[in-house]
Amino acid sequence: MALNQDKNHKLYYSIKEVAAMIGVNESLLRYWEKEFPHLRPKTVSSNNVRQYTDKDIEQIKLIYNLVKVRGFKLAAARKYLNENRMGAEKTTEVLDMLMSVRDQLKTLKKQMEGLT
């Protein structure tokens, strides 16, 4: 059995944590679970608590990118994910990288403005 070497890395995240990470509300995540068959977080049967893995979170990021960023309707996003999963994943990776670069540039701009 492999041990979790990174103490900051969790194996499971709550719906509240995932909603905060993505920037959506919990009810939207529950709705997406109904609409996208690939999105099925583990649930603890005693109290139906959802437990999201890193893979589930990546799936949510893909859906978010298609629906919220690119403006796909749910049916179109579902079809796109089914037909072009690798392309959708690559697009999300590129978008994440661009957003990171944008944030870094904003930080640099603030630092440069402080020098003048």
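For the structure, check the block above.
Residue indices follow the written sequence of each chain, beginning from 1 at its first position. Per-residue local features are limited, in this predicted model, to residues with pLDDT of at least 70; the limit for side-chain atom pairs, both in listing and counting, is 80 or more; totals at the level of whole chains, interfaces and linings are taken over all residues. The side-chain numbers reported here are obtained from all heavy atoms of the structure, hydrogens and water having been left aside.

Caption draft 1: Representation of the layout of surface pockets in the model. Reported here for the largest pocket is a volume of approximately 180 Å³. The definitions used throughout rest on a 1 Å grid laid over the protein atoms alone, on which a cavity is an enclosed set of points accommodating a 1.4 Å probe that cannot get out and a pocket is an open set flanked by protein within 12 Å on both sides along at least five of seven lines; lining residues are those having an atom within 4 Å of a point. If you trace the largest pocket, you find 10 residues lining it, with Ile22, Lys61, Tyr64, Asp96 and Met99 closest to the centre. The residue classification treats Ala, Val, Leu, Ile, Met, Phe, Trp, Tyr, Cys and Pro as nonpolar and Asp, Glu, Lys and Arg as charged. All others, Gly included, are polar. Residue composition of the lining of the largest pocket, by class: six nonpolar, two polar and two charged. Grid points are joined across faces, edges and corners, and a volume is the space filled by probe spheres set on the points.

Caption draft 2: Seen up close, the packing of aromatic side chains. Stacked, tilted and edge-to-face pairs are distinguished by plane angle, under 30 degrees for stacked and over 60 for edge-to-face with tilted covering the rest, among Phe, Tyr and Trp rings (Trp via its six-membered ring) whose centres lie within 6.5 Å. Enumeration over the complete set of coordinates arrives at one aromatic pair. Ring plane angle 75 degrees and centroid distance 5.5 Å describe the contact between Phe72 and Tyr80, whose orientation is recorded as edge-to-face. On the basis of relative accessible area, Phe72 is assigned to the partly exposed category, the value being 23%. We call a charge positioned above a ring when the Lys NZ or Arg CZ atom is no farther than 6 Å from the ring centre and deviates by at most 35 degrees from the ring normal. Above the ring of Tyr80, the side-chain terminus of Arg70 is found at 5.5 Å from the ring centroid. Using a 1.4 Å probe on the protein chains alone, a residue whose accessible area is under 20% of its type maximum counts as buried, one over 50% counts as exposed, and one in between counts as partly exposed.

Caption draft 3: Representation of the pattern of salt bridges. Take a side-chain nitrogen of Lys or Arg and a carboxyl oxygen of Asp or Glu: if they are within 4 Å of each other, that pair is a salt bridge. Per the stated rule, a full pass over the model turns up six salt bridges. Its salt-bridge partner being Glu33, residue Arg50 comes within 2.8 Å of it at the nearest N-O pair. Linking Arg50 in strand 2 (residues 49–51) with Glu33 in helix 2 (residues 26–35), this pair joins segments that are 17 residues apart in sequence. Relative accessible area serves as the criterion here: at 23%, Arg50 is assigned to the partly exposed category. In this structure, Arg78 engages Glu35 in a salt bridge whose closest nitrogen and oxygen atoms are separated by 3.0 Å. Within this pair, whereas Arg78 is found in helix 4 (residues 74–83), its partner Glu35 is found in helix 2, the two being separated by 43 residues in sequence. Taking the relative accessible area as the measure of exposure, Arg78 reaches 24% and is therefore partly exposed. On the accessibility criterion, Glu35 (23% relative accessible area) is partly exposed. Helix and strand assignments follow DSSP, with helices taken as H or I runs no shorter than four residues and strands as E runs no shorter than two, numbered in order from the N terminus.

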